[in-house]
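# Structural description and commentary
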Amino acid sequence: MALDQSQQRMLVEWMDSKKIRTDCPACGTPDSWTPGDIVAAPISRPDGLHVGREVNPMVEIICGNCGHIRFFAALPIGIYKKERRGKEHCDAGSRAGAGENKNSKPYTISL
Ligand SMILES: [Zn+2]
């Protein structure tokens, strides 16, 4: 999900407050970044990774020169609220229209 204006402003203010370096760690280009999307990664559990279970929301920071992407946890920044998860179908059992039903098991990713 792309950041709206309010989320972009919140991200910039958070980066300033934490003194996050704005030069790219890959190519060194100064101040050439843009906010990307809010993305999510599955959380590894003892029984593996399962699509449809709780995820870690992260925000992308993308270098405008080389395309290097950095990720920051979205919850501590405040640009993603836990109560929004159900509405955005990030929790198991709330994936309406995703081809799953209550009796289906989450997909398992073997690593
Ligand atoms: Zn770069």
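Time to look at the pairing of strand β4 (residues 69–73). As a general feature of sheets, a regular strand has side chains that alternate between the two faces. In terms of strand pairing, strand β3 (residues 55–63) meets β4 through five bridges, oriented antiparallel. From the neighbouring strand, Ile-61 faces β4, where its bridge partner is Arg-70. In this antiparallel pair of consecutive strands, β3 and β4, the connection spans five residues, and Gly-67 shows a positive phi of 85°.

Core analysis: the biggest nonpolar cluster contains seven residues, these being Leu-3, Leu-11, Met-58, Val-59, Ala-74, Ile-79 and Tyr-80. With near-sequence residues (within four places) excluded, Ala-74 lies in contact with Ile-38, Pro-57, Met-58, Val-59, Ile-79 and Tyr-80.

Read from one edge of the open sheet, three strands run β1-β3-β4, paired in antiparallel fashion. If you trace the sheet from one side to the other, it starts and ends with β1 (33–42) and β4, each paired once. In this sheet, adjacent strand axes meet at a mean angle of 30° when their direction is disregarded. Two elements, β1 and β3, share eight bridges in a ladder whose sense is antiparallel. Its bridge partner being in β3, Ala-40 is matched across the sheet by Pro-57.

Rules behind the numbers
- Starting afresh in each chain, residues are numbered from 1 along the sequence in its written order.
- Local features in this predicted model are restricted to residues of pLDDT 70 or higher, and side-chain atom pairs are both shown and tallied only at a pLDDT of 80 or more, whereas totals for entire chains, interfaces and linings draw on every residue.
- In short, DSSP must find at least two bridges between two strands for them to pair.
- For the purposes of this entry, the term helix denotes a DSSP run of H or I that reaches at least four residues, the term strand denotes a run of E that reaches at least two, and both are numbered from the N terminus.
- In these notes, a nonpolar core means any group of buried Ala, Val, Leu, Ile, Met, Phe, Trp, Tyr and Cys residues linked to one another through C-beta atoms within 7 Å.
- To assign burial, the other C-beta atoms lying within 10 Å of each residue's own C-beta are counted, with C-beta atoms placed from the backbone; 20 or more indicates buried, 12 or fewer indicates exposed, and intermediate counts indicate partly exposed.
- Contacts here follow a simple rule: the backbone-placed C-beta atoms of the two residues must lie within 7 Å.
- Axis angles are defined between N-to-C directions and span 0 to 180 degrees, where every axis is a line fitted to C-alpha atoms and, for a helix, only to the segment in contact.

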